[in-house]
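Fold and contact review
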Amino acid sequence: MRKATFIQSALAAGFVSILAFSGTVSADVKLNGSGASFPFPIYSKWFKDFSKAEKGIRVDYQSKGSGAGIQDLINGTVDFAASDAAMEADEIAKVKQGVVLLPMTAGEIVLIYNLKGVDELKLSRAAYAGIFSGTITQWNDPAIAATNPGVALPDKAITVVTRSDSSGTSYVFSGHLAAISPEFDKAVGKSKQPNWPSSGKFVAAPKNDGVTAQVQQNEGSIGYVEYGFAKLTGWKQVAQLENKSGSFVAAGPETGAAALASSEFPEGTLPNSEVPNLIAWNWDPAGADAYPIVSFTWMLFYKDQDDAKAEALRKLVKYGVEDGQKIADSMGYIPLPENVQQKVMEAAEFIQ
């Protein structure tokens, strides 16, 4: 159970340093990173194991949200960053050294809830879009009751837990909701910091673990988090969601992979760069078995930098692709398809 203990303590701290695992020998190269909390559990494990295997390299990563990670990369205060929202063209333009964006893993965003006695909950597209638009406010609303016959839904107000920070998880979740609900798109919109309804029943918490904690501590609440957080904490109340085909599906490796299979990378390169463009979105996956909310998550690197750090970062990418994918499923993430792994390794050569 040593892995679980490590992950739980790392989640609580929001920070992982590999110094403790590098022995007494000083590292030749230290890599500092920051950003997304969505992939933090798996990155923590990767960075720990990589630093044990590569004695001359130490990796520190601070989980502070995708928006903060992107800003750190722009400001030049890190050696790499991580983001579930990739980067916008105007953000890329601010990095004078150029950027390399590599999808390193993928995951599903789930809706966790806290309702006493409700062990299974099915939410239609109209229901969960309405909850996060603020138009469905009671747990026994007809839109929720219709897909849960025989379930004793309480006459209780819904407390909606959202992210308080600039978040790639919010970007992916709000992007999906905007794609399936014109009303949500108009009222809230797709953003790393969506314009959530102004209501006492909407509360905010930092990072995925903060949202998880808020939902677990407050009966009648619902929130969105990366599937791995629900899996690692053992939380059982995770809603089944209606997908584009009208099927109600639970998150998991098979339904996540089915959704990811229809993702297509664009042709060409990043703006004003020869680096391949590996930014792909699938806002509403097709297929009867596809989970509806899935996304790649990216590591962000400088194209031009110190030679020693560039070599260390290429090794880190290689480790994530070759060894890191082997533990993705067990930690609640979706392993990269082989064709995507090949694209990542080819694009990593631009880190110089």
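See the structure shown above.
The sections below set out a description of the structure shown in this document. Residue numbering note: each chain is counted from 1, following its sequence as written. This being a predicted model, a pLDDT of at least 70 is required before a residue's local features are given, and a value of 80 or more before pairs of side-chain atoms are given or counted; all residues contribute to the totals for chains, interfaces and linings. Side-chain metrics rest on all non-hydrogen atoms present in the structure, leaving aside hydrogens and water.

**Regarding the overall build of the chain**
- In this description a helix means any DSSP run of H or I spanning at least four residues, a strand means any run of E spanning at least two, and both kinds are numbered starting from the N terminus. When its secondary structure is counted, the chain shows 13 helices and twelve strands.
- A globule of 352 residues ought to have a C-alpha radius of gyration of about 20 Å, and the chain, at 20 Å, matches this closely.
- Categorising residues by exposure relies on relative accessible area from a 1.4 Å probe, with only protein chains included: less than 20% of the type maximum marks a residue as buried, more than 50% marks it as exposed, and the intermediate range marks it as partly exposed. Burial status across the chain gives 57% buried among its 352 residues.
- Residue contacts are counted whenever heavy atoms from the two residues lie within 4.5 Å of one another. Sequence-distant contacts in the chain: of pairs separated by 6 or more residues, those separated by 24 or more amount to 77%.
- Positive residues here are Lys and Arg, negative ones are Asp and Glu, while His and the chain termini are left out of the count. The location of each charge is read from NZ of Lys, CZ of Arg, CG of Asp or CD of Glu. Computing the positive centroid from 31 side-chain charges and the negative centroid from 38, the chain places the two 6 Å apart. We take the radius of gyration over the C-alpha atoms and set the globule estimate at 2.2 Å times the residue count to the 0.38 power.

**A short note on the sheet that holds strand 11 (residues 248-249)**
- Spatial strand order, 6-10-11: three strands in an open sheet with mixed pairing. Edge positions in the sheet fall to strand 6 (122-123) and strand 11, since each has one partner strand and no second.
- Alignment of strand 10 (residues 240-242) against strand 11, held across two bridges, turns out to be antiparallel. Bridge pairing links Leu-241 to Val-249 in strand 11. Two strands are counted as paired when DSSP detects at least two bridges linking them.

**A word on the environment of Asp-90**
- As for its position among the elements, Asp-90 is in helix 4 (residues 89-93).
- Between the C-alpha atoms of Asp-90 and Ser-295, which are 205 residues apart in sequence, the distance is 21 Å.

**A short note on the packing of helix 12 (residues 307-322) against helix 13 (residues 338-348)**
- For the pair helix 12 and helix 13, the least separation of the axes is 10 Å and the interaxial angle reads 175°. By the angle between their directions, the pair helix 12 and helix 13 is classed as roughly antiparallel. Residues Arg-314, Val-317, Lys-318 and Val-321 of helix 12 touch helix 13, and the partners they reach there are Gln-341, Val-344, Met-345 and Ala-348. Interaxial angles span 0 to 180 degrees and are taken between N-to-C directions of axes, which are lines fitted to C-alpha atoms, for helices over the stretch in contact. Each angle is binned into one of four classes, with values under 35 degrees roughly parallel, values over 145 roughly antiparallel, values of 65 to 115 roughly perpendicular, and all other values oblique.

**Let's talk about the environment of Tyr-224**
- Mapped onto the elements, Tyr-224 comes out in strand 9 (residues 221-226).
- A relative accessible area of 0% places Tyr-224 in the buried class.
- Along the primary structure Tyr-224 and Ile-109 are separated by 115 residues, whereas in three dimensions their C-alpha atoms are 6.4 Å apart.
- When near neighbours in sequence (up to four residues on either side) are disregarded, Tyr-224 contacts Ile-109, Val-110, Leu-111, Phe-132, Val-161, Thr-162, Arg-163, Thr-169, Ser-170, Phe-173, Trp-196 and Val-211.
- Here Ser-170 takes part through its side chain, which lies 2.6 Å from a polar atom of the side chain of Tyr-224. We define a polar contact as two N or O atoms separated by no more than 3.5 Å, with the added condition that, inside protein, one atom must be a possible hydrogen donor and the other a possible acceptor, whereas residues neighbouring each other in sequence contribute only through side-chain atom pairs.

**Some remarks on empty space enclosed by the protein**
- Cavity means a closed set of points on a 1 Å grid over the protein atoms alone, one where a 1.4 Å probe fits but cannot get out, pocket means an open set with protein on both sides within 12 Å along at least 5 of 7 lines, and lining means a residue has an atom within 4 Å of a point. Grid points are joined across faces, edges and corners, and a volume is the space filled by probe spheres set on the points. Scanning the entire structure with this criterion turns up one cavity of 30 Å³ or more.
- Of the volumes computed, that of the largest cavity is approximately 30 Å³.
- Lining of the largest cavity is provided by Leu-260, Ser-263, Ala-280, Trp-281, Asn-282, Val-294, Ser-295 and Phe-296.
- Looking at the lining of the largest cavity element by element, the count peaks at three residues for strand 12 (residues 294-302).
- All residues other than Ala, Val, Leu, Ile, Met, Phe, Trp, Tyr, Cys, Pro, Asp, Glu, Lys and Arg, Gly among them, are scored as polar; the first ten of these are nonpolar and the last four charged. Per-class residue counts for the lining of the largest cavity are five nonpolar, three polar and no charged.

**Comments concerning the layout of surface pockets**
- What the largest pocket holds in volume is close to 180 Å³.
- Per-element accounting of the lining of the largest pocket gives the leading share, three residues, to helix 4.
- For the lining of the largest pocket, the class distribution of residues is seven nonpolar, three polar and two charged.

**Brief notes about the packing of helix 5 (residues 125-133) against helix 7 (residues 168-180)**
- Between helix 5 and helix 7, the least distance of the axes is 10 Å, while the angle of their chain directions is 120°. Classed by the angle they form, the pair helix 5 and helix 7 counts as oblique. At the point where helix 5 passes helix 7, the crossing takes the left-handed sense. Touching Arg-125, Tyr-128, Ala-129 and Phe-132 of helix 5 are Phe-173, His-176, Leu-177 and Ile-180, all from helix 7.
- Of the residues assigned to the contact of helix 5 with helix 7, the class counts are six nonpolar, one polar and one charged. By convention, the crossing between two helices is left-handed when the near helix turns anticlockwise from the far helix through less than a right angle, and right-handed when the turn is clockwise.

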